[in-house]
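Observations on chain architecture
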Amino acid sequence: MVIIRKGRIRDCKDLLTVYQTTRWFYRTKEGGYQTVEEVKNEHKGICFRNWGWFVAEEEGSVVGEIVFRIEKNPVIGKVGIIRNLDVDVRNQKQGIGTLLTRTAETVFKEKKVPRVVSLTPPEAYNYWMKIDYFARGSILEISTTPSRIKTPLIKGLRLKQLKDIQKVPPTLNFSNIAIPGKMCELLDMIVTKGHKGRVYELYQKNRVVGAGVIVKLDATTGAFAVDITTRDDDHLKAIAAKVLSAVKVLRIKKVKGMIPKDQLARFKKTARWSVDESRLIPVTRIL
């Protein structure tokens, strides 16, 4: 019998086996998840405090998990995000993934969340379709170098760098044009995992109109995400210019990001980008 319950850190011992059978598309330098500590690190940090976490237990062993959260959206109010769903390959096709997903949806419904989104590799898309999640739009992976970044001067806007962050700023729990959950993911790399990076907010008078994060991934490469609270392209250009200008301070030679395909025209105003289609498929379900 499968029991769905809240996850606990001690479950990470079993989840190591789960990850080794499912996360072939997440590769560390060593070739995959090797230690329980690596799995524990997935369940700690400033952002994980705001995530829901359920596991599936069968005969005393954890054979699957789901991790999810809620962000605000200016159009639909709240959006549920399923960050990951993992079920040991030896226990798949038993309905465990569906049980985990429906349990998370129950939490979303209780919190009056009207829509749930996730990103899935193509190999798992059939699963999501079977439980009424369908592709909506597509994702682009964009990258640029310091010499290709545009630096517009826009009056009436003020930028603030956030330091000594103790909890996730409300602006990073917001998704308008950014991939839901992406800014919080990058923030966690800075605050929890110790990567170098910068976090900014953009103000018009005393009102926050944008936010962004940039993090140094390795010796030469960085990742960024920006968002704005309105549809004002000046706000996007201003916050993107500030975030991307940090590549010089962080000594980043190439910076990359993920954006919805329908936002590409707006991002072209911030830099000259190299563009590739992402393998990941955005899926959504209306509750």
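Rules behind the numbers
Residues numbered from 1 in each chain as written. Predicted model: local features only at pLDDT ≥ 70, side-chain atom pairs only at ≥ 80, totals over all residues. Heavy atoms only, no water. Pairing = 2+ DSSP bridges. Helix = DSSP H or I, 4+ residues; strand = E, 2+ residues; numbered from the N terminus. Contact = heavy atoms within 4.5 Å. Axes fitted to C-alpha atoms, helices over the stretch in contact; angles between N-to-C directions. Buried < 20%, exposed > 50% of the residue type's maximum accessible area, 1.4 Å probe, protein only. Right-handed = clockwise from strand over helix to strand, strands pointing away. Salt bridge = Lys/Arg side-chain N within 4 Å of Asp/Glu carboxyl O. Lys, Arg positive; Asp, Glu negative; His and termini not counted. Core = buried A, V, L, I, M, F, W, Y, C linked by side-chain atoms within 4.5 Å. Polar contact = N/O pair within 3.5 Å; in protein donor to acceptor, adjacent residues only side chain to side chain. Expected span 1.5 Å × (residues − 1). Disulfide = S-S within 2.5 Å.

1. Quick word on the sheet that holds strand 4 (residues 77–87)
Here we have 7 strands laid out as an open sheet, ordered 1-2-3-4-5-14-6, and mixed in their pairing. What marks the edges here is a single partner per strand, and that holds for strand 1 (2–6) and strand 6 (134–135). Taken together, the 6 bridges between strand 5 (residues 115–120) and strand 14 (residues 281–286) define a ladder with antiparallel strand orientation. Looking at the pairing, Arg115 lines up with Ile286 of strand 14. Sitting on the sheet, helix 1 (residues 12–22) is in contact with strand 2 (52–58), strand 3 (61–73) and strand 4, with an inclination near 85 degrees to strand 3.

2. Remarks on the pairing of strand 5
Of all 6 residues in strand 5, 5 are buried, a share of seventy percent or more. The pairing of strand 4 with strand 5 spans 4 bridges and is parallel. Residue pairing in the sheet places Ile81 in a bridge with Val117 of strand 5. Handedness of the strand 4-helix 3 (residues 96–110)-strand 5 crossover: right-handed.

3. Looking at the pattern of salt bridges
Taken as a whole and assessed by the stated rule, the structure comprises 13 salt bridges. Glu57 serves as the salt-bridge partner of Arg5, at 2.9 Å between the closest nitrogen and oxygen. Separated by 52 residues along the polypeptide, Arg5 in strand 1 and Glu57 in strand 2 bring together distant segments of the chain. Taking the relative accessible area as the measure of exposure, Arg5 reaches 15% and is therefore buried. Through salt bridges with shared partners, one network takes in Arg5, Asp11 and Glu57.

4. Regarding the side chain of Arg69
Structurally, Arg69 is set in strand 3. No salt bridge is formed by the buried Arg69; its nearest oppositely charged neighbour, Glu71, is found at 4.0 Å. When neighbours within four sequence positions are excluded, Arg69 is seen to be in contact with Cys47, Asn50, Trp51, Val79, Gly80, Ile81, Phe108, Asn173 and Cys184.

5. Some remarks on the nonpolar core
One finds Leu172 and Val199 to be the most contacted residues of the largest nonpolar core, which totals 34 residues. Setting aside its immediate chain neighbours within four residues, Val199 contacts Lys160, Gln161, Leu162, Ile165, Leu172, Leu187, Ile190, Gly212 and Val213. Among the nonpolar cores identified, the runner-up in size contains 29 residues, and Ile149, Phe224, Val247 and Val255 belong to it.

6. Here we look at the side chain of Glu57
Under the relative-accessibility criterion, Glu57 is labelled buried at 19%. In terms of polar contacts, Glu57 uses its side chain to reach the side chain of Arg5, at 2.9 Å. Contact partners of Glu57, with chain neighbours within four places excluded, come to Met1, Val2, Ile3, Arg5 and Val62.

7. Thoughts on the environment of Asn84
Its place among the elements puts Asn84 in strand 4. C-alpha of Asn84 to C-alpha of Thr120: the two residues are 36 residues apart in sequence and 8.7 Å apart in space. If we skip the residues at most four places from it in the chain, Asn84 touches Tyr19, Arg23, Glu65, Ile66 and Val67. Only 3.2 Å separates the side chain of Asn84 from the side chain of Arg83, close enough to count as a polar contact.

8. Brief notes about helix 6 (residues 233–249)
The α-helix advances 3.6 residues per turn, and as a result positions three or four apart in sequence lie on the same side. Over its 17 residues, helix 6 extends 25 Å from the first C-alpha to the last, a length consistent with the 24 Å expected when each residue adds 1.5 Å. Within helix 6 the residues assigned to the buried category are His235, Leu236, Ala238, Ile239, Ala240, Ala241, Val243, Leu244, Ala246 and Val247. Its buried side turned inward, helix 6 meets strand 8 (157–161), strand 9 (197–204), strand 10 (207–216), strand 11 (221–228), strand 12 (254–260) and helix 7 (264–267).

9. Points about the state of the cysteines
Every disulfide links exactly two cysteines, by a covalent bond between their sulfur atoms. Counted under the stated rule, the structure contains 1 disulfide. Cysteine Cys12 is unpaired, with the sulfur of Cys47 as its nearest cysteine sulfur at 17 Å. A relative accessible area of 0% means that Cys12 is categorised as buried.

10. A few points about helix 5 (residues 182–191)
For helix 5, the buried fraction is high: 8 of the 10 residues fall into the buried class. All of the buried residues in helix 5 are Lys182, Met183, Cys184, Leu186, Leu187, Asp188, Met189 and Ile190. Among the structural elements, strand 3, strand 9, strand 10, strand 11 and strand 12 are those in contact with the buried residues of helix 5.

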